[in-house]
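# Residue-level structural notes
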Amino acid sequence: MYKDIATPVRTKAILDKYGFSFKKSLGQNFLIDPNVLRNIVSQAHLTENSGAIEVGPGIGALTEHLARGAKKVVSFEIDQRLLPVLEDTLSPYDNVTIVHSDILKADVEAVIAEQMPHIDDIMVVANLPYYVTTPILMKLLNDRLPIRGFVVMMQKEVADRITAKPGTKAYGSLSIAIQYYCTAEVAMIVPKTVFMPQPNVDSAVIRLIKHNKPPVEVIDEDFLFVVTRASFVQRRKTIFNNLQAGLQHGKAKKDEILAALEAANIDPKRRGETLTIEEFGRLADALHPHFA
Ligand code: SAM
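Residues numbered from 1 in each chain as written. Predicted model: local features only at pLDDT ≥ 70, side-chain atom pairs only at ≥ 80, totals over all residues. Heavy atoms only, no water.

### A short note on the overall build of the protein chain
Regarding its fold elements, the protein chain presents 12 helices and nine strands. Out of the 292 residues belonging to the protein chain, those deemed buried represent 53%. Within the protein chain, contacts between residues separated by at least 24 positions form 70% of all contacts whose residues are at least 6 apart in sequence. Carbon and sulfur atoms provide 51% of the accessible area of the protein chain, an area that totals close to 13700 Å². Taking the average place of the 34 positive charges on the side chains of the protein chain and the average place of its 34 negative ones, the gap between the two points comes to 7 Å. (Helix = DSSP H or I, 4+ residues; strand = E, 2+ residues; numbered from the N terminus. Buried < 20%, exposed > 50% of the residue type's maximum accessible area, 1.4 Å probe, protein only. Contact = heavy atoms within 4.5 Å. Areas by Shrake-Rupley, 256 points an atom, 1.4 Å probe, with all protein chains shown as cover. Lys, Arg positive; Asp, Glu negative; His and termini not counted. Charge placed at Lys NZ, Arg CZ, Asp CG, Glu CD.)

### Here we look at the UniProt feature "binding site: S-adenosyl-L-methionine" (unreviewed entry) in the protein chain
When the UniProt feature table is mapped onto this chain numbering, "binding site: S-adenosyl-L-methionine" (unreviewed entry) sits at Asn-29, Leu-31, Gly-56, Glu-77, Asp-102 and Asn-127. Given the relative accessible area of 4%, Leu-31 is considered buried. Once residues lying within four places of it in the same chain are set aside, the contact partners of Leu-31 are Ala-6, Val-36, Leu-37, Ile-40, Ala-61, Asn-127, Met-153, Val-194 and Phe-195. Along the chain, Glu-77 falls in strand β3 (residues 72-77). (UniProt positions renumbered as here; feature names shortened; annotations may be inferred.)

### Some points on the site of the ligand
The full set close to the ligand counts 23 residues, and Leu-31, Gly-56, Glu-77, Asn-127 and Tyr-131 are the nearest of them. One of the backbone nitrogen or oxygen atoms of Ile-78 is found 3.4 Å away from a nitrogen atom of the ligand. In the environment of the ligand, an oxygen atom lies 2.8 Å from a nitrogen or oxygen atom belonging to the side chain of Asn-127. Computed on the free molecule, the ligand has an accessible area of 600 Å², of which 99% lies beneath the protein chains in the complex. Broken down by secondary-structure element, the contributors of at least two residues to the shell around the ligand are β1 (30-31) and β3. Residue composition of the shell around the ligand, by class: 12 nonpolar, seven polar and four charged. (Near = heavy atom within 4 Å. Polar contact = N/O pair within 3.5 Å; in protein donor to acceptor, adjacent residues only side chain to side chain. Nonpolar A, V, L, I, M, F, W, Y, C, P; charged D, E, K, R; others polar.)

This is the structure:
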């Protein structure tokens, strides 16, 4: 076994060797604690036949732990300056491919088909760049990739919103957008001290496992998300008021909104934050003929 990249001493030595300076704009906060890395990887339940997709390898701290626990690792890095570093630090591992690309623009499905043709258990495992956490998750979910799920580090506040249950302050359209596709839970809370440089915010690792089928069947998925977003625009307002303000021609079609709420068996005076995904699904289907 090789010495971990992610000790403070080794990380500093690698950064010095390459004269690397962190780019805040790319969310570069590298992990310097091998225990945290081991815990992240164990949350993914990989086997020697699994594949791992990583976003943002940095200098390879998490990548090497994935390389030890999976059959194949493909890692997308946007920062060209890290490519020679990774070539060096990951040289002991022959099962890692680095793709130089912005993950948001990458054809991840094609990369999986090319790099992991015979692997049928694939997890996304990453310490995400916090400035694009939500766009990355939404892209990878919308891409309908052949993956089991995600184990990803992010800002704790976003982790709380993603995993929130109805009736809580953190519950909102992001909770629904993710929980429509996956079960979502916080796997661990991570202190700032395990990063270099330390971020300003607390962090958490969440685990998302894709549903075999969504928790509610709807006529039109995109419209479900239109309805949920509209329902949370002003959290203190009732669902009826938010739908009037947020749906196209909502003000002119009050009666249709009231009828749809009744058909879905939802009191118009409730707030969006009390509705389950199933209730939003019923509501979206009832509104669909008039607003989609
Ligand atoms: N995995 C490393 C670790 O844990 O030490 C680094 C994690 S750091 C929080 C985020 C990484 O994502 C950086 O290496 C950064 O350059 C990279 N990154 C930022 N935006 C990206 C994007 N749009 N696509 C791919 N990589 C990105």
